[in-house]
Structure formats: C-alpha cells, structure tokens
Amino acid sequence: KQEVTQIPAALSVPEGENLVLNCSFTDSAIYNLQWFRQDPGKGLTSLLLIQSSQREQTSGRLNASLDKSSGRSTLYIAASQPGDSATYLCAVNLSNYQLIWGAGTKLIIKP
Amino acid sequence: TAGITQAPTSQILAAGRSMTLRCTQDMRHNAMYWYRQDLGLGLRLIHYSNTAGTTGKGEVPDGYSVSRANTDDFPLTLASAVPSQTSVYFCASSDSRGFEQFFGPGTRLTVL
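Teacher, can you tell me more about the pairing of strand β4 (residues 32-38) of chain A here?
Along any regular strand the residues' side chains alternate between the sheet's two faces. Residues and elements named next belong to chain A. Of all the seven residues making up β4, seven are buried; the element is thus mostly covered by neighbouring parts of the structure. Of the two faces of β4, both are covered, the one formed by Asn32, Gln34, Phe36 and Gln38 as well as the one formed by Leu33, Trp35 and Arg37. With antiparallel pairing between neighbouring strands as the criterion, β4 and strand β5 (residues 44-51) make up a hairpin whose turn holds five residues, including Gly41 at a positive phi of roughly 70 degrees. The pairing of β4 with strand β9 (residues 86-93) spans seven bridges and is antiparallel. Directly across from Trp35, in β9, lies its bridge partner Cys90.

Okay, structure coming up:
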C-alpha cells in the first residue's frame, strides 16, 4: 500500500533563508507527484507537478525534484518570504485519477 | 476565470438530515473528485468521476453518493448526515493532459 510521508510536520525559519521540504513515498510506481500549498481556512493551490519521467520542475522561487528510485521528492524554496507561510502538501498519483496524500508541512517564515 | 466553485461555503446540519454539496467547474475537465479533509488525517478521496456519466468509489465512500450528469457539475449528497461527517469538503478536477488536479475553495460542514 502506497504511503506518503512529509517531514518535518512543522518548520519555522527567518525570512530570507533558503529551505527544503521533504516528501517520501513507499512505492516507486507512481504516475506523477504534485506539490500544493494550503493557506489557513482556504483551498489547495497547485504549485508544481512532476511527471514520473521528469527529475525536476521550477516555478519562480520554487523548485521540486523527484527521485523515483529512492521514493523521494523535495520542494526547495529560495529566499523565503513571510507570504510563503502556509501548509505544503505533496501527493503522489498512482494512476490517472487517484492521489495519495502526505499530511503536510506547516511552514512559518518569521519577518 | 472562475475555475471551480463550491456551495455552500459552510453549513450546520442536524443529524439525520440530507444535504447536497454543489461543485461546478468551467475548465471542461473530464475528471472530478470529492475529498474530505480532517485534522490529523489529511485528505481522503470520497468519490471520483473519470468522465460525464461515470463515477467511482474512493477511500471513504460510505454515507455519500455522487452523480455526473454533465461535464461541469459533480454534486455530493449526504442522504442521512451523521456527526462523523463533520469535515471540510473539497471538490477538484483534472483534465486528460498531465492529470494535474485543481481544487475548489471548500465547504465546511458541521453535523450536530
């Protein structure tokens, strides 16, 4: 059974630092992996989608990597800002339609 | 672009009552999904639909039903609500290219 783990559960860093969020999964037979952001009381915003054949995706200050063989993905945030404070979720896609979710990392960027 | 809309935003419902949560997307996506999000349990798939006219069960389908009469709408019905169905419900959709999922703003449901 596919399991997705995100470590740490919470992270607090000063503004301006570069940081890495981790996501691991137990079964490498994934279709793709998606990173989301969720603000308190809000819905989920898709940040990056990495297909199983890709190694990384970049969007602005965000870079997501995927290593299927080791069952790991990282989300790198450069030059963090207070507006980056949110919960970050990763989800692996087992097939066309089913996502398995991690529990998320709650990120706080201190001004 | 509206994307995905959900209604109502929040609702308090007496146990035993029925309710339909509405979800509409304007992106012409083939697939749509209903999730519930509970503290400590993360997001769990309730039902999904690959295309109009078809539906499937997710991880936690009991107590819920869905229909997909057309591409844009995917309502979720609770026939007889119970307190354990208190949760935040999210609707999502994806197209057939890349399967990236996009989410609505959610409905916060409290069953008393």
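Moving on from the coordinates now.
Looking at this structure, how should I read the sheet that holds strand β3 (residues 19-25) of chain B?
Strand pairing in a sheet relies on backbone hydrogen bonds. The paired strands run either parallel or antiparallel. Residue and element names in this part refer to chain B. Ordered in space as β1-β3-β8-β7, the four strands form an open sheet in which the pairing is antiparallel. Two strands lie at the open edges of the sheet, namely β1 (4-7) and β7 (64-66), each paired on one side alone. When strand polarity is set aside, the average angle formed by the axes of neighbouring strands in this sheet is 20 degrees.

Would you take a moment to explain the sheet that holds strand β1 (residues 4-7) of chain A for this structure?
Residue and element names in this part refer to chain A. The five strands are arranged β1-β3-β8-β7-β6 in an open sheet whose pairing can be described as antiparallel. Each edge of the open sheet is held by one strand with a lone partner, namely β1 and β6 (56-59). Shown here is a sheet whose adjacent strand axes are inclined to one another by a mean of 15 degrees, direction ignored. In terms of strand pairing, strand β7 (residues 62-67) meets strand β8 (residues 72-77) through six bridges, oriented antiparallel. When the sheet's bridge partners are listed, Leu62 is paired in β8 with Ile77.

Explain the nonpolar core here, please?
In terms of nonpolar packing, the biggest core is built from 24 residues, with Leu33(A), Trp35(A), Leu75(A) and Tyr88(A) touching the most fellow members. For this core, the secondary-structure elements that each account for two or more residues are β3 (19-25), β4, β5, β7, β8, β9 and β11 (105-110) of chain A. Counting residues in hydrophobic clusters, the runner-up holds 19 residues, among them Leu13(B), Leu76(B), Tyr89(B) and Leu109(B).

It is not clear to me how the interface of chain B and chain A should be interpreted in this structure. Could you clarify?
Taken together, the contacts link 16 residues of chain B with 18 residues of chain A. Its largest share of buried area at the contact with chain A, chain B owes to Leu43(B), Phe99(B) and Phe103(B), together 35% of the area lost on that side. Our count for the contact surface shared by chain B and chain A stands at zero salt bridges. Inspection of the chain B/chain A interface yields three residue pairs in polar contact (both at pLDDT 80 or more). Going through the elements one at a time, β4 (31-38) and β5 (42-49) of chain B are the ones with two or more residues in the side of chain B that touches chain A. A total of four residues in the side of chain B that touches chain A trace back to one element, the largest contributor, which is β4(B). Grouping the amino acids of the side of chain B that touches chain A by side-chain chemistry returns nine nonpolar, five polar and two charged.

The rules behind the values
- Residues numbered from 1 in each chain as written.
- Chains lettered and ligands numbered in written order.
- Predicted model: local features only at pLDDT ≥ 70, side-chain atom pairs only at ≥ 80, totals over all residues.
- Heavy atoms only, no water.
- Buried < 20%, exposed > 50% of the residue type's maximum accessible area, 1.4 Å probe, protein only.
- Helix = DSSP H or I, 4+ residues; strand = E, 2+ residues; numbered from the N terminus.
- Pairing = 2+ DSSP bridges.
- Axes fitted to C-alpha atoms, helices over the stretch in contact; angles between N-to-C directions.
- Core = buried A, V, L, I, M, F, W, Y, C linked by side-chain atoms within 4.5 Å.
- Contact = heavy atoms within 4.5 Å.
- Buried area = accessible area lost by both parts, 1.4 Å probe.
- Salt bridge = Lys/Arg side-chain N within 4 Å of Asp/Glu carboxyl O.
- Polar contact = N/O pair within 3.5 Å; in protein donor to acceptor, adjacent residues only side chain to side chain.
- Nonpolar A, V, L, I, M, F, W, Y, C, P; charged D, E, K, R; others polar.

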